[in-house]
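Okay, here's what each chain looks like letter by letter:
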Protein chains: 4
Amino acid sequence: METQLIIGVMGGGSASTADIQAAYQLGALIAKQGWMLLNGGRNAGIMEASAKGARDHGGITVGILPDDTARRASRFIQIPILTGMGDARNYINVLTSHIVVACPGGAGTISEIALALKNNKQVILMNFDTGEIFDGYRTKGLLYAVNTPEEVIDTINSLIG
Amino acid sequence: METQLIIGVMGGGSASTADIQAAYQLGALIAKQGWMLLNGGRNAGIMEASAKGARDHGGITVGILPDDTARRASRFIQIPILTGMGDARNYINVLTSHIVVACPGGAGTISEIALALKNNKQVILMNFDTGEIFDGYRTKGLLYAVNTPEEVIDTINSLIG
Amino acid sequence: METQLIIGVMGGGSASTADIQAAYQLGALIAKQGWMLLNGGRNAGIMEASAKGARDHGGITVGILPDDTARRASRFIQIPILTGMGDARNYINVLTSHIVVACPGGAGTISEIALALKNNKQVILMNFDTGEIFDGYRTKGLLYAVNTPEEVIDTINSLIG
Amino acid sequence: METQLIIGVMGGGSASTADIQAAYQLGALIAKQGWMLLNGGRNAGIMEASAKGARDHGGITVGILPDDTARRASRFIQIPILTGMGDARNYINVLTSHIVVACPGGAGTISEIALALKNNKQVILMNFDTGEIFDGYRTKGLLYAVNTPEEVIDTINSLIG
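Residues numbered from 1 in each chain as written. Chains lettered and ligands numbered in written order. Predicted model: local features only at pLDDT ≥ 70, side-chain atom pairs only at ≥ 80, totals over all residues. Heavy atoms only, no water.

**Focus: the relation of the copies chain B and chain C**
Between the two copies of this chain, the relationship is a rotation about some axis together with a displacement along it. Its rotation angle being 180°, the transformation that places chain B on chain C also includes 0.0 Å of axial translation and leaves an RMSD of 0.0 Å. Accordingly, the operation relating the two chain copies is best matched by a two-fold axis. Scanning chain B for the C-alpha nearest the rotation axis identifies serine 111 of chain B, at a separation of 2.2 Å. (Least-squares fit on C-alpha atoms with pLDDT ≥ 70 in both.)

**What about the interface of chain A and chain B?**
With 25 residues of chain A at the interface, the matching set in chain B holds 25 residues. Surface buried jointly by chain A and chain B totals about 2100 Å² across both partners, of which 70% is contributed by carbon and sulfur atoms. Summed over the shared surface of chain A and chain B, the number is 0 salt bridges. At the junction of chain A and chain B, the tally comes to 2 residue pairs in polar contact (both at pLDDT 80 or more). Those elements giving two or more residues to the side of chain A that touches chain B turn out to be strand 3 (61–65), strand 4 (79–82) and helix 3 (89–96) of chain A. Considering only residue class, the side of chain A that touches chain B consists of 16 nonpolar, 6 polar and 3 charged. (Contact = heavy atoms within 4.5 Å. Buried area = accessible area lost by both parts, 1.4 Å probe. Salt bridge = Lys/Arg side-chain N within 4 Å of Asp/Glu carboxyl O. Polar contact = N/O pair within 3.5 Å; in protein donor to acceptor, adjacent residues only side chain to side chain. Helix = DSSP H or I, 4+ residues; strand = E, 2+ residues; numbered from the N terminus. Nonpolar A, V, L, I, M, F, W, Y, C, P; charged D, E, K, R; others polar.)

**A closer look at a negative patch on the surface**
Residues Asp129 and Glu132 of chain A together with Asp129 and Glu132 of chain D make up a contiguous surface patch of negative charge. Among the secondary structure elements, glutamate 132 of chain D is positioned in the loop between strand 6 (122–126) and helix 5 (135–139). Taking the relative accessible area as the measure of exposure, glutamate 132 of chain D reaches 67% and is therefore exposed. (Patch = residues over 30% accessible without salt bridge, like charges linked within 9 Å, V, L, I, M, F, W, Y side chains within 5 Å. Areas by Shrake-Rupley, 256 points an atom, 1.4 Å probe, with all protein chains shown as cover. Lys, Arg positive; Asp, Glu negative; His and termini not counted. Charge placed at Lys NZ, Arg CZ, Asp CG, Glu CD. Buried < 20%, exposed > 50% of the residue type's maximum accessible area, 1.4 Å probe, protein only.)

**A short note on the pattern of salt bridges**
On inspection of all chains with the given rule, the structure shows 16 salt bridges over all chains. A salt bridge links lysine 118 of chain D to aspartate 87 of chain A; its shortest N-O distance comes to 3.1 Å. Separated into two different chains, lysine 118 of chain D in helix 4 (residues 107–118) and aspartate 87 of chain A in the loop between strand 4 and helix 3 make up a pair that spans both. For lysine 118 of chain D, a relative accessible area of 39% corresponds to the partly exposed category. Exposure remark for aspartate 87 of chain A: the relative accessible area of 8% places this residue in the buried category.

**Quick word on the sheet that holds strand 4 (residues 79–82) of chain B**
Residues and elements named next belong to chain B. On the basis of which strands lie adjacent, the open sheet formed by 7 strands has the order 4-3-2-1-5-6-7 and parallel pairing. Each end of this open sheet is capped by a strand with a single partner; those strands are strand 4 and strand 7 (143–146). When strand polarity is set aside, the average angle formed by the axes of neighbouring strands in this sheet is 25°. For strand 1 (residues 6–10) and strand 2 (residues 36–39), the ladder comprises 3 bridges, and the chain directions are parallel. If you follow isoleucine 7 over to strand 2, its bridge partner there is leucine 37. Running at roughly 165° to strand 2, helix 2 (residues 45–56) makes contact with strand 1, strand 2 and strand 3 (61–65) of the sheet. (Pairing = 2+ DSSP bridges. Axes fitted to C-alpha atoms, helices over the stretch in contact; angles between N-to-C directions.)

**Looking at the nonpolar core**
In this structure, Phe134 of chain A, Phe134 of chain B, Phe134 of chain C together with Phe134 of chain D are the most contacted members of the largest nonpolar core, which totals 140 residues. Not counting residues up to four positions away in its chain, the partners in contact with phenylalanine 134 of chain B are Ile110, Ile113, Ala114, Leu117 and Leu143 of chain B together with Ile110 and Ile133 of chain C. (Core = buried A, V, L, I, M, F, W, Y, C linked by side-chain atoms within 4.5 Å.)

**With respect to the environment of aspartate 67 of chain A**
Residues and elements named next belong to chain A. Its location among the elements puts aspartate 67 in the loop between strand 3 and strand 4. In sequence terms aspartate 67 and phenylalanine 134 are 67 residues apart; their C-alpha atoms lie 30 Å from each other. With residues near it in sequence (within four places) discarded, aspartate 67 still touches Arg72, Leu82, Thr83 and Gly84. Polar contacts involving the side chain of aspartate 67 include one to the side chain of arginine 72, which spans 2.8 Å.

**Here we look at the interface of chain B and chain C**
Chain B puts 20 residues into the contact, and the matching count from chain C is 20 residues. Both faces considered, chain B and chain C share a buried interface measuring about 1600 Å² in area, 72% of it formed by carbon and sulfur atoms. When the buried surface of chain B facing chain C is broken down by residue, Asp87, Ala107 and Ile133 of chain B rank first, second and third, together holding 35% of it. Here chain B and chain C share 2 salt bridges between them. Linking chain B with chain C are 6 residue pairs in polar contact (both at pLDDT 80 or more), by the criterion used here. For the side of chain B that touches chain C, the secondary structure elements donating two or more residues are helix 3 (89–96) and helix 4 (107–118) of chain B. Considering every element that reaches the side of chain B that touches chain C, the biggest residue donor is helix 4 of chain B, with 8 residues. Considering only residue class, the side of chain B that touches chain C consists of 11 nonpolar, 7 polar and 2 charged.

Printed below as a string of structure tokens:
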């Protein structure tokens, strides 16, 4: 039995229309590859959009929620994990993902990028300019930056290839 | 879209042959009902057996692991959630489960029964005599005790019915 | 530099008058021994009483709170640790304590006894009858049962002696 | 009874000599102000140095450790909190601190800055250039940048004043 690849998709609870559309498309492509999608599980922003994209295309969606109830869970999350641990769940998000994709977001998303890199996870930034702060991790082969969902998929395929 | 029922199956990392067989059978019956199985995810005891039973019968299995790697994950766990949080993950086990089934186990399993009851989750003991310590929760309709996997399924069906 | 002994005092958020008085007295005796007192930090029941007892006698009090704010913290807690992790903080309570004392309580307290024993911590029950469920740990020298705060102190002194 | 101010000092487990000296000095000044110092608790880098500075000047030091034992705790940490939760403890670090100071560090420190800002904590960067990534939080009055331990103290005093 082989474990399916789990792709973590991080990003803001509020997001621009373009970012929402890209997140939906990313979720769709992840599902088409036969990979699982993991995110923060809430019914908002990048989380809702990426989960909907994956579910609309038959993918499995796992949401790691900060809450102790499912009230704020996206209905496109098939497997809602209730942590009751607030933002401490960000650590679980990155540990559980084989590869992390970061869409545009605020401090929460940046904390996930940082926790992922700290724990030697590969991170792909999609349309998200984090400046020079993580440059040391680019040279280590942990951090990648692309512009489109298609390029995310290509990068993942080259990383696991 | 409807969320699938998630049944948590707790129990020892080491267990008797009879308990292992009952856990396998319980996993099988949970899968046949179309429910998801959640457990502690490790490749040992009740965890391994219940996950194998569910997977052998087409069920979805979710494991909430204490570790920050998948090294000790059961290969019958389809979705390994890596918490890196040791026994603090027991809290996630019970929050995420709609109903908790406790097979025989030691202090870890007892902590899960206690955390579940504390958080108003219904708990079904299968062949596990916990004495009188949780008696107050029986009268509240939170704690049930049965002897066979079939009775567990009947109890769950009557609780959700 | 030597680390001070940290005694964890667990027990219910609601408690009888007699249990409240015993918890106060226990906190007082812990402080007089020069030990730190750790508990769940809230302004209720055994937590409030044991912290007040220790502070009234010059002790250091550490509270591991379930919340992400200090609103429900006891004012007798000198060092409020805000976990924002709900009952997952019970794991921190027992790991951080060198020895755990359990006063009467409900499922939360039982979860702490169980997590402590699972992690090889010595547990002293004070006036708390947990039945036979943890008997295996008595014979391992991990579980003790006494009736008074004075006996708790004697037991701790013999354990660390 | 009044709660003492808790100042969180974050920073790398390995650090330059200049940064180590500044962290020691910062710990010393925090203690002289009568504030508690909180950090990640390990016997390395900014953690060890800031704790030593505070203890050498009579301050209380609290360490929130990632481990389930005290083996890697700094001996200058008076109150070692064992979380057993790896980097999830970063969330506790920032919640528990009234104000967070970030000394130079890597991805772990950046995750703490991000988690602090996400949770509306004021953050003071000491000699740590994080680029433009957190600029939105400067304008909200949450993020400050200074060069010396003395300026950190001045900034804290103006924030609480």
